[in-house]
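Take a look at the letters that make up each chain.
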Amino acid sequence: MNEDRRGPLGLLLTAAFVLVGSCSEEKDGARPGKAAVQSDAHSLEFLQHAEALENSSNRYFGHEQLARIRKELAQPSLSPPHRRSLLAQLSFHHLRLGNVKAARRSIDSAFGTGSGIANPERLLLLKTRAMISLREAEVENCIARHNAECCIFPLQGGGLHEVAAPARAAARDLLEILSFNPEDEMVQWLLNLSTMALGNYPQGVPEHFRIPRDYFQRGSPGAGFKPFKDVAPQLQIDAFDLCGGVAAEDFNRDGWCDILTSTSDPRGSLRLFLTSNGLRFEESTAESGLAGQLGGFNCLTADYDNDGDADILVLRGAWLGTQGEVRNSLLRNDTPVGGSPVRFTDVTAAAGLADPARPTQSAAWLDFDQDGELDLFIGNESGRELPRGKEADYPSQLFRNNGDGTFTDVAEEAGVRNDRFCKGVTVGDYDNDGDPDLFLSNVGGNRLFRNNSNGTFTDVAPRLGVTGTGGFNFTPWFFDYNNDGWLDIFVGAFEATLQHHMQDARGAPHSAPIPHLYRNNGNGTFTDVAQSSGLNHPYLPMGANFGDLDNDGWLDIFLATGDSNFETLTPNILLRNRAGQQFDDVTFAARLGHLQKGHGLAFADFDRDGDLDLYHQLGGFFPGDRFHNALFLNPGNDNTCIDLRCRGTATNRSAFGVRAALTILFPDGRRQTLHRAGGSLSSFGGSPHDSLHFGIPASARPLSLRLQWPVSGTSQVFTENLTPGYVIQATEGEDKLRLLEGL
């Protein structure tokens, strides 16, 4: 199983497109930035895995394809069409591996082989050449001249290409393709992007091929959002790598949020950026012991040992099938009191989490047995139910925390083996009975495991109608989007093409699956309200997250879009929650429509000004599809917030499972209660694990805060020290809130 559902021919055809999506290892001054790899047992273990991938025909990292094609090309008896086909394939694999110059030489050789190339062969060659031209444009502009406006759709200012010749050549090829096949909406979309990059939009695109002007006006009137700005380049935290995860945490407990990133590059290390007063970052990857931790499709954090700091879990092997049998990493935070030096220790083997190694990108921490210790569920990519029947059997795992630093897999007896191709895991108490339930998004059918409060779970998804439509279901989470006190479920749909996006931009019907928004009816049932809530669009999210970005009290959604194919270049999406009734697309008003492949997303108040900023791990899965990460600072508005930190005593220290309800009062006497759930996180997000952010409209004031603690079962109500603009701490069993610091 892999991310492409179109087969080898479809991959060759669709991979022949790109505007801004990958970079060459031959570009000037933009090689992948990695900390020096430590020569220890851990790095050697991961390097051996990287070498095995590279010495194979793996569709992402393998080099065997080059040798095979070169061997075929050495045969003197090849017909001109066969030779051209092989050269086109060779150019794609060079591009896949990041060698754009070799890709250019191969495609030029293909056009120089024979004469009178007829359709459809010529169309395929034109698509391949357009792809390479646009890659050259991307290398010369978006990479070599990287700035805060690069790739923000619609392209303008610093996002326009100074070096215009490559994109101009690509536009010529795309127009020639459309002269033969004017209905090709994929080519139409990419012609719009390439012409926009040249600063010749819209006049440079024939009117019948244009994206309608109305598309760019979505969400602009009354959006309530000012443009966000990417400050990662100036802060030197725009890590340059492949897709991966991100975690925003105060690892050294100095009051400022740090940034950890992972990358699917099997030779790429974790990156740790520590911040301090004034939004100053310093890379501390090597000093912290993380440079030897290579690869990692996703990462997440939790205080699994209840010692007061954030530990790290790195997940590996996603999409690699049997080649993905590489262990995860549990990295214990051993930073001393005082915060220096920050140091992590790999305790995976000692904790009992190293073996068996199974491919995964999704996991969640939860206290399923309510003993005050965080347990761990890992959703693995099992091929047991897939139609091709060739993938290995990789059941999911539920590791019970033994309280002594070790874990025991109890998935079998708990009834949560899943044994499906799992792409997302989230935790929440959907039935408000005091214990955590599990939602798993799978390829095929989702599961909702209800906690039976006796160490076992029951899959109630079929009965409650939340199994999905049977396709590719991705990032899920529990959240109370309508603030009624019952946790709802969001599930991303991972099946769409550029044709669907072009159709949607024109307001025409499309056939792409849309997300699921399962509204909790409060009586043990759910209703899918995605269509009526304005979510009936072909988003194609890989990573995604939620949070109150405009501090109005309602949780918004951000979708990081794309897939592994080079040509899938669509803007990431910001959806504003309009009082729990509708989600409005305000992407262009906020200037957050980045075209690069999006994965891990962290919402956190990095600059401590009272609103949530966004750190975004960008880049594709192919080695030639790297890009720079982004930190978008929130420009803010007149609204304010309370950042609540809950500390468990009987409950786990991070208070996973706590329910918080803040009631606010408006001048007209109207009251609104805002609901948050501790530990209910996005499966491909990365927000601080112990922060509950309550946005508060400027005209409102807090009245009371109610907390429900899961293990002790106690309920607490606070009416004092509810001061907007502060970080506030509530401790289980203590009758007063603590004001920690102002924002």
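Residues numbered from 1 in each chain as written. Predicted model: local features only at pLDDT ≥ 70, side-chain atom pairs only at ≥ 80, totals over all residues. Heavy atoms only, no water.

(A) A look at the environment of Gly289. Relative to the helices and strands, Gly289 is located in the loop between strand E6 (280-283) and strand E7 (298-302). Residue class for Gly289 comes out buried when judged on its relative accessible area of 15%. Once the C-alpha coordinates of Gly289 and Leu331 are considered, the two residues, 42 residues apart in sequence, prove to be 9.5 Å apart. (Helix = DSSP H or I, 4+ residues; strand = E, 2+ residues; numbered from the N terminus. Buried < 20%, exposed > 50% of the residue type's maximum accessible area, 1.4 Å probe, protein only.)

(B) The arrangement of unusual backbone geometry in detail. In this chain, Asn119 is followed by Pro120 through a cis amide linkage whose omega measures 0°. Following the sequence through the fold, Pro120 ends up in the loop between helix H5 (100-111) and helix H6 (121-143). For the peptide bond that leads from Phe153 to Pro154, omega is -5°, which places it in the cis range. Residue placement: Pro154 occurs in the loop between H6 and helix H7 (165-180).

(C) Spatial organisation of the sheet that holds strand E26 (residues 582-585). Here 4 strands make up an open sheet; going across it, the order is E23-E24-E25-E26 and the pairing antiparallel. Looking at strand neighbours, the two that pair on one side only are strand E23 (541-547) and E26, the edges of this open sheet. Adjacent strand axes in the sheet meet at a mean angle of 25° when their direction is disregarded. As defined by bridge partners, strand E25 (residues 573-578) adjoins E26 across 4 bridges and the pair is classed as antiparallel. Paired with Leu575 across the strands is Asp585, a residue of E26. (Pairing = 2+ DSSP bridges. Axes fitted to C-alpha atoms, helices over the stretch in contact; angles between N-to-C directions.)

(D) Up close: H7. Its 16 residues give H7 an end-to-end C-alpha distance of 24 Å, which sits within 8% of 22 Å, the value for a rise of 1.5 Å per residue. For H7, the full list of buried residues reads Pro166, Ala167, Ala169, Ala170, Ala171, Asp173, Leu174, Ile177 and Leu178. (Expected span 1.5 Å × (residues − 1).)

(E) Structural view of the pairing of strand E5 (residues 271-276). Burial of E5 is extensive: 5 of the 6 residues sit out of reach of the surface. In this structure, E5 lies alongside E6, joined through 4 bridges in antiparallel fashion. Residue pairing across strands places Leu274 opposite Glu282, the latter belonging to E6. Hairpin connection from E5 to E6: 3 residues lie between these consecutive antiparallel strands, with Gly278 at a positive phi of about 95°.

(F) Representation of the sheet that holds E5 in the model. The antiparallel open sheet is built from 4 strands, whose spatial order is E3-E4-E5-E6. Here the strands that pair on one side only, and so sit at the sheet edges, are strand E3 (246-249) and E6. Within the sheet, the average angular offset between the axes of one strand and its neighbour, ignoring direction, is 20°.

(G) Main features of the packing of aromatic side chains. For the structure on display, the rule yields 34 aromatic pairs. Where Phe153 meets Trp189, the ring centres are 6.1 Å apart and the plane angle is 35°; that geometry is what we call tilted. With Phe153 in the loop between H6 and H7 and Trp189 in helix H8 (residues 185-197), this pair connects stretches of sequence that are 36 residues apart. Taken together, the ring pairs in this structure connect Tyr60, Phe61, Phe92, Phe297, Phe566, Phe621, Phe622 and Phe684 into an aromatic cluster. The residue whose ring lies beneath Arg135 is Phe566, and the NZ or CZ to ring-centre distance is 4.4 Å. Across from the ring centre of Phe666, 3.9 Å away, lies the NZ or CZ of Arg670, which sits over that ring. (Phe/Tyr/Trp six-rings, centres within 6.5 Å; stacked < 30°, edge-to-face > 60°. Lys NZ or Arg CZ within 6 Å of the ring centre and 35° of its normal.)

(H) Here's a closer look at the domain arrangement of the protein. The domains assigned to the protein are domain 1 (122-211), domain 2 (229-633) and domain 3 (640-742). Each side of the interface is counted separately: domain 1 has 25 residues, and domain 2 has 27 residues. Taking both sides of the interface into account, the surface hidden between domain 1 and domain 2 amounts to around 2300 Å²; carbon and sulfur atoms contribute 65%. At the junction of domain 1 and domain 2, the tally comes to 1 salt bridge. A salt bridge links Arg506 to Glu185, with the nearest nitrogen and oxygen atoms 3.6 Å apart. Joining domain 1 to domain 2, the criterion identifies 7 residue pairs in polar contact (both at pLDDT 80 or more). For the side of domain 1 that touches domain 2, the secondary structure elements donating two or more residues are H6 and H8. Broken down by element, the side of domain 1 that touches domain 2 gets its largest block of residues, 7 residues, from H8. The residue makeup of the side of domain 1 that touches domain 2, split by class, is 15 nonpolar, 6 polar and 4 charged. (Domains from an automatic or database assignment. Contact = heavy atoms within 4.5 Å. Buried area = accessible area lost by both parts, 1.4 Å probe. Salt bridge = Lys/Arg side-chain N within 4 Å of Asp/Glu carboxyl O. Polar contact = N/O pair within 3.5 Å; in protein donor to acceptor, adjacent residues only side chain to side chain. Nonpolar A, V, L, I, M, F, W, Y, C, P; charged D, E, K, R; others polar.)

(I) Structural view of the pattern of salt bridges. Within this structure, the stated rule accounts for 30 salt bridges. Note that Asp334 and Arg332 form a salt bridge whose closest N and O atoms lie 2.8 Å from each other. Residue Asp334 is classed as partly exposed on the basis of its relative accessible area of 30%. A salt bridge links Arg576 to Asp552, with the shortest nitrogen-to-oxygen separation between them at 3.7 Å. Residue Arg576 is found in strand E25, and its partner Asp552 is found in the loop between E23 and strand E24 (556-561); the two are separated by 24 residues along the sequence.

(J) Up close: the environment of Leu123. Here Leu123 shows up in helix H6. In this structure, the C-alpha to C-alpha distance between Leu123 and Glu176, residues 53 residues apart in sequence, is 8.6 Å. Among residues more than four places away in sequence, those in contact with Leu123 are Ile177 and Phe180.

(K) Representation of empty space enclosed by the protein within the structure. All chains considered together, the criterion is met by 7 cavities of 30 Å³ or more. Computed from the structure, the largest cavity encloses a volume of approximately 130 Å³. Forming the walls of the largest cavity are 16 residues, and the residues nearest its centre are His49, Ser264, Gly295, Gly296 and Gly317. Grouping the constituent residues of the lining of the largest cavity by class yields 10 nonpolar, 5 polar and 1 charged. By volume, the second largest cavity amounts to about 50 Å³. As for the second largest cavity, its lining consists of Val326, Arg327, Asn328, Leu353, Pro356, Ala357, Arg358, Ile378, Asn380, Gln397 and Phe399. (1 Å grid on protein atoms, 1.4 Å probe; cavity = no way out; pocket = protein on both sides within 12 Å on 5 of 7 lines; lining within 4 Å. Points joined across faces, edges and corners; volume = space filled by probe spheres on them.)

(L) Just the pairing of strand E35 (residues 701-708), in detail. Looking at chain direction, strand E32 (residues 659-665) and E35 are connected through 7 bridges and run antiparallel. Across the sheet, the residue bridging to Ala661 is Arg706, located in E35. Here E35 runs beside strand E36 (residues 715-718); their pairing, made up of 4 bridges, is antiparallel. Across the sheet, the residue bridging to Arg706 is Val717, located in E36.

(M) Highlighting the environment of Val187. Examined against the element boundaries, Val187 turns out to sit in helix H8. We classify Val187 as buried; its relative accessible area is 0%. Separated by 283 residues in the primary sequence, Val187 and Gly470 place their C-alpha atoms 29 Å from one another.

(N) Broad picture of the nonpolar core. Membership of the largest hydrophobic core comes to 74 residues, with the highest contact counts inside it found for Phe153, Leu174, Trp189, Leu190, Ile211, Tyr215 and Leu574. No other element matches H6, which puts 10 residues into this core. Here this core gathers at least three residues from each of two domains, domain 1 (122-211) and domain 2 (229-633). With sequence-adjacent residues up to four places away left out, Tyr215 is seen in contact with Phe153, Trp189, Ala505, Pro571 and Phe588. Counting 24 residues, the second largest nonpolar core, distinct from the first, contains Phe297, Ala496, Phe566 and Phe622. (Core = buried A, V, L, I, M, F, W, Y, C linked by side-chain atoms within 4.5 Å.)

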